[in-house]
Amino acid sequence: MCASTIAPDKVSEPALIELSPGSLYDKCSALAKNLWWSWHPDVVNLFRDLDPVRWRQLDHNPIALLREFTPERLAERATELVLFTRINQAYRRMKEYLNSNEDTWGNTHAGVLGAHPVAYFSAEFGLHESVPIYSGGLGLLSGDHIKSASGLGLPLVAIGLFYDQGYFKQQLDEDGYQQEEYLDTQVHNLPMEPAVDADGQPITVSINTRDGQLKAKVWLMHVGRVKLYLLDCDVEGNSPHDRQLTSRLYGGDHRTRVRQELVLGVGGVKALRALGITPGVYHLNEGHSAFAPLEVIRERMHDDGMSFDDALREVAQRTVFTTHTPVPAGHDRFDGGLIEEHLGPLRDELGISYEHLMGLGRVEPQNESESFCMTVVALKLSRRANAVSALHGQVSRRMWAHLWPWRVEEEIPIGHITNGVHIPTWLAYQMNTLYDRYFEAGWMRHMGDPGAWQAIFSVPPGELWETHNALKSLLLEFVRRRVARQCRRRGESEETVEAARRVLNPNVLTIGFARRFATYKRADLFSRDVDRLCDLINNPQRPVQFIFAGKAHPADEPGKQLIKKISNMRHDDRFAGRLVFLEDYEINVARHMIQGVDVWLNNPRRPLEASGTSGQKVVLNGGLNLSILDGWWAEAYNGRNGFAIGNGTQHVSDDVTDARDAENLYDVLENEVIPLFYDRDADGLPQEWIERMMNSINSLAWRFSAHRMVTDYARHAYLPSAGGISCDMSIR
Ligand SMILES: *Cc1c(COP(=O)(O)O)cnc(C)c1O
């Protein structure tokens, strides 16, 4: 990478004399080209300070920002702001981080993966708002996973797709109906470069289908110590149609989808080979990449002269599969025609029949009416499989029990590793500063260990409360600015825009809800009884207010109707000023919301939420979760670290469940959440609320951290797979 061309930096003071404008610029560029900067608030602030207005306008993209500076102008600006030392320090810290692998967790515990790293496949990666190759939870999880792998020094390379239009931008029209817009990403503003082979030649992979060849070039993105390789079909030699194959995330029909998955799985394995990387473990994050093991089997048969069955057994031993959804529609299925068109040539090389191949994707191999399911093939080609929370593990074992008809449900070989979040990414700067003052020096090195957060009880309650309120103010400013802009864009009256600049009140209990608007997440549960809601919102002593955000999948009409319903509540006088909908939920909006809300609301229809991670981000920053006992919350809630809606049961009838859950939501708001929030001592502090914040941080932050998650994967999945230890995933 470019940093290596820069002369080593010796002494930093006085920096002014040592740094020519050129080398200053080079250091900033080197920082911008490794996403390491994105989880280091000092470095983020450094870029922001160069030009705060452009920084915001450019989606916090440092490469785009630096493009607007000449080296001389940058040096001038650095002099004005006395930035030399900060730039030097940031640069040196990054170099040290990248070069020092010895004292990492990975080096101590996972050295066996050194020569043969984990290859982590995912269809999306949510790393930063300026890198739009994600849509939602799955992508954020992958992004956090590889950032933690970097932090832990775990040998891992990641494989994904490059979408030059990413996912859509959301705007609501005058009626509150979602409009989708796809913008072309400026490739030269992204922190990536062409991946090259041993001879320095850019890599292109080719995949044969019955209908001709499909080509993809390979990009390299640096995420700390981890290399992320992204395949991109916009290359010469592909038909105009295929050049757009990887333009959009989850766009298009089944044929687009199977072709994208072919590129990710089969193309991904070919790319690794071209790079000279021989993985010790293949991790399929969700079924999208489940064609990958078939290509690895082909390699083993070709290279080592193995039979198909022997190669399958060996490859499965090295393959880990994580399933992410208990919703049946969430599992990709393809008909035989599409499978034969795209896997036919590979099947010829594997020497297996069409029926044999189709059987790998079917629960009942002989059942010709069954389509080819990516989850099924992933389960059959992996020795270790896991769900993403304890409850989701139970649901998945039941869901796939018929794959192992001779086993009882508890013996179905699908374990669980509960999701977690990358703490440095989601922890607010202000909270981080507070923790630094009261926690042991270097506490972040142990952030995934039990007990690491106990020091939260030594933070003076008033300081924790003040810091939280400072973050809440930042959120409200952000909301007002955004909502006013939304109104202006829709051409609403000056009066409305003016009112938007004053929405919400910093003293009022603020509840956030942001997620994909799939109907099972029931964004409108809170409004099932409008009169009761109205009483809550307008209580003169103890009011509440709501901030909503979220996109609906472009094909999800009921989801779009939900957005319309909620966003239009602002026109109702009873809710005006107390309920807002923020457009275009993405990482930046998420960051503001999870750092600033008092309460994070989550009310899916149990047990359809596999895990959820947004609530884990809230924990770090002192917000409290108010959630159905589903996904991660079912194992996280202990009665003192947040709030539960209901008691973790569901009825066979959705209608009954919904009515009961809404009732429980109002009850817990009226009887627990609101009284606790407004119960203040002589200093105006809600002592019991603050205690709950501390309980939440202490009991949850480490457990639902990506560091804990990735070390669990290493111990229970990667190391046993790499070491050839034969055991089912022992993580129930
Ligand atoms: C964390 C995050 C998600 C996933 O959160 P859920 O709890 O699964 O909804 C989705 N989108 C963004 C932008 C996020 O930051």
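1. As for the overall build of the chain
Then comes step 1: Across its full length, the chain holds 29 helices and 20 strands.
Then comes step 2: Counting only C-alpha atoms and orienting by the principal axes, one finds that the chain spans roughly 80 × 75 × 50 Å.
Then comes step 3: Counting contacts in the chain only where the partners sit at least 6 residues apart, residues at least 24 apart contribute 73% of the total.

2. Considering the sheet that holds strand 20 (residues 643–645)
Then comes step 1: Pairing in this open sheet of 6 strands is parallel, and the strands run 17-16-15-18-19-20 from one edge to the other. Because the sheet does not close on itself, it has two edges, and the strands there are strand 17 (579–582) and strand 20. Averaged over all adjacent pairs, the angle separating strand axes in this sheet is 20°, with direction ignored.
Then comes step 2: Across 4 bridges, strand 18 (residues 599–602) lies against strand 19 (residues 624–628) in parallel orientation.

3. What about helix 3 (residues 41–50)?
Then comes step 1: Of all the positions in helix 3, only V43, N45, L46, F47 and L50 are classed as buried.
Then comes step 2: Considering only its buried residues, helix 3 is in contact with helix 2 (21–32), helix 4 (52–57), helix 5 (62–67), helix 6 (71–81), helix 7 (84–99) and helix 19 (429–438).

4. Let's talk about the domain arrangement of the chain
Frequently, the measure chosen for interface size is the accessible area that the parts lose on association.
Then comes step 1: Here the chain is partitioned into domain 1 (2–99), domain 2 (105–168 + 181–419 + 711–722) and domain 3 (423–704).
Then comes step 2: Between the C-alpha centres of domain 2 and domain 3 the distance comes to 33 Å.
Then comes step 3: Taken together, the contact pairs 24 residues of domain 2 with 27 residues of domain 3.
Then comes step 4: Interface area for domain 2 against domain 3, summed over the two sides, is near 1900 Å², with a carbon-plus-sulfur share of 60%.
Then comes step 5: Connecting domain 2 to domain 3 are 1 salt bridge.
Then comes step 6: A salt bridge links R591 to E129; the nearest nitrogen and oxygen atoms lie 2.8 Å apart.
Then comes step 7: Applying the counting rule to domain 2 against domain 3 returns 9 residue pairs in polar contact (both at pLDDT 80 or more).
Then comes step 8: Those elements that provide at least two residues to the side of domain 2 that touches domain 3 are helix 9 (137–152) and helix 17 (390–399).
Then comes step 9: Of the residues contributing to the side of domain 2 that touches domain 3, the split by class is 14 nonpolar, 7 polar and 3 charged.

5. Looking at the packing of aromatic side chains
Then comes step 1: Using the criterion set out here, one finds 30 aromatic pairs in the structure.
Then comes step 2: With 6.3 Å between their ring centres and 65° between their planes, F168 and Y182 make a pair best called edge-to-face. With F168 in the loop between strand 2 (156–161) and strand 3 (169–172) and Y182 in the loop between strand 4 (178–181) and strand 5 (192–194), the pair connects residues that are 14 residues apart, well separated along the chain.
Then comes step 3: Ring centres of F291 and F372 lie 6.2 Å apart, and the angle between their planes is 35°; this geometry places the pair in the tilted category. One end of the pair, F291, is in the loop between strand 9 (281–285) and helix 12 (292–304); the other, F372, is in strand 12 (residues 372–373), and 81 residues separate them in sequence. For the pair F291 and F372, a shared accessibility class is recorded, and that class is buried.
Then comes step 4: Against the face of Y97 rests R225, its NZ or CZ located 4.0 Å from the ring centre.

6. A short note on the pairing of strand 16 (residues 544–549)
Then comes step 1: With 6 of 6 residues buried, strand 16 lies mostly within the body of the structure.
Then comes step 2: Burial along strand 16 is two-sided: the face carrying V544, F546 and F548 and the face carrying Q545, I547 and A549 are both buried.
Then comes step 3: Here strand 15 (residues 509–514) pairs with strand 16 via 6 bridges, running parallel. Paired with T510 across the bridge in strand 16 is Q545.
Then comes step 4: The parallel pair strand 15 and strand 16 is bridged by helix 22 (residues 530–537), and the resulting crossover is right-handed.
Then comes step 5: Regarding topology, helix 23 (residues 557–567) serves as the crossover connection from strand 16 to the parallel strand 17, and that connection is right-handed.

7. Some details on unusual backbone geometry
Then comes step 1: For the bond running from R606 to P607, omega is 0°, close enough to zero to count as cis.
Then comes step 2: The residue P607 is located in the loop between strand 18 and helix 25 (614–620) in this model.
Then comes step 3: Even without glycine at this site, H60 takes up a positive phi of about 60°.
Then comes step 4: Here H60 lies in the loop between helix 4 and helix 5.
Then comes step 5: Using a relative accessible area of 13% as the deciding quantity, one classes H60 as buried.
Then comes step 6: Positive phi, close to 60°, is recorded for D584, a residue that is not glycine.
Then comes step 7: Within the fold, D584 resides in the loop between strand 17 and helix 24 (587–596).

8. A short note on the side chain of S389
Then comes step 1: Examined against the element boundaries, S389 turns out to sit in the loop between strand 13 (384–387) and helix 17.
Then comes step 2: For S389, a relative accessible area of 0% puts it in the buried group.
Then comes step 3: At 2.7 Å, the side chain of S389 forms a polar contact with the backbone oxygen of A610.
Then comes step 4: Excluding its chain neighbours within four sequence positions, the residues that come into contact with S389 are H416, I417, T418, A610, S611, G631, W632 and E635.

9. A word on the site of the ligand
Then comes step 1: Taken together, 13 residues sit near the ligand, with W426, A590, T613, S614 and K617 positioned nearest.
Then comes step 2: T613 has a polar backbone atom sitting 3.1 Å from an oxygen atom of the ligand.
Then comes step 3: Interatomic distance of 2.5 Å between a side-chain N/O atom of S614 and an oxygen atom of the ligand.
Then comes step 4: Protein contact buries 93% of the 390 Å² of open area that the ligand shows by itself.
Then comes step 5: For the shell around the ligand, the residue count by class is 5 nonpolar, 5 polar and 3 charged.
Then comes step 6: Mapping the shell around the ligand onto the domain boundaries places at least three of its residues in each of domain 2 (105–168 + 181–419 + 711–722) and domain 3 (423–704).

10. Quick word on the nonpolar core
Then comes step 1: Judged by nonpolar contacts, the single largest core of 143 residues is most densely connected at I146, L154, F291, W400 and Y718.
Then comes step 2: Looking at which domains feed residues into this core, each of domain 1 (2–99) and domain 2 (105–168 + 181–419 + 711–722) supplies at least three.
Then comes step 3: For I146, the residues in contact, after removing those within four places along its chain, are Y120, F125, L127, L156, A158, V223, V226 and L228.
Then comes step 4: W453, V459, C534 and F548 belong to the second largest nonpolar core, which has 103 residues in total.

11. Structural notes on the pairing of strand 9
Then comes step 1: Most of strand 9 is tucked away, with 5 of its 5 residues classed as buried.
Then comes step 2: Neither face of strand 9 is left uncovered, since the one carrying V281, H283 and N285 and the one carrying Y282 and L284 both have all their residues buried.
Then comes step 3: Inspection of the sheet shows strand 1 (residues 118–121) paired to strand 9 by 4 bridges, in the parallel sense. The residue of strand 9 that forms the bridge with F121 is L284.

Criteria and thresholds
- Residues numbered from 1 in each chain as written.
- Predicted model: local features only at pLDDT ≥ 70, side-chain atom pairs only at ≥ 80, totals over all residues.
- Heavy atoms only, no water.
- Helix = DSSP H or I, 4+ residues; strand = E, 2+ residues; numbered from the N terminus.
- Contact = heavy atoms within 4.5 Å.
- Pairing = 2+ DSSP bridges.
- Axes fitted to C-alpha atoms, helices over the stretch in contact; angles between N-to-C directions.
- Buried < 20%, exposed > 50% of the residue type's maximum accessible area, 1.4 Å probe, protein only.
- Domains from an automatic or database assignment.
- Buried area = accessible area lost by both parts, 1.4 Å probe.
- Salt bridge = Lys/Arg side-chain N within 4 Å of Asp/Glu carboxyl O.
- Polar contact = N/O pair within 3.5 Å; in protein donor to acceptor, adjacent residues only side chain to side chain.
- Nonpolar A, V, L, I, M, F, W, Y, C, P; charged D, E, K, R; others polar.
- Phe/Tyr/Trp six-rings, centres within 6.5 Å; stacked < 30°, edge-to-face > 60°.
- Lys NZ or Arg CZ within 6 Å of the ring centre and 35° of its normal.
- Right-handed = clockwise from strand over helix to strand, strands pointing away.
- Near = heavy atom within 4 Å.
- Areas by Shrake-Rupley, 256 points an atom, 1.4 Å probe, with all protein chains shown as cover.
- Core = buried A, V, L, I, M, F, W, Y, C linked by side-chain atoms within 4.5 Å.

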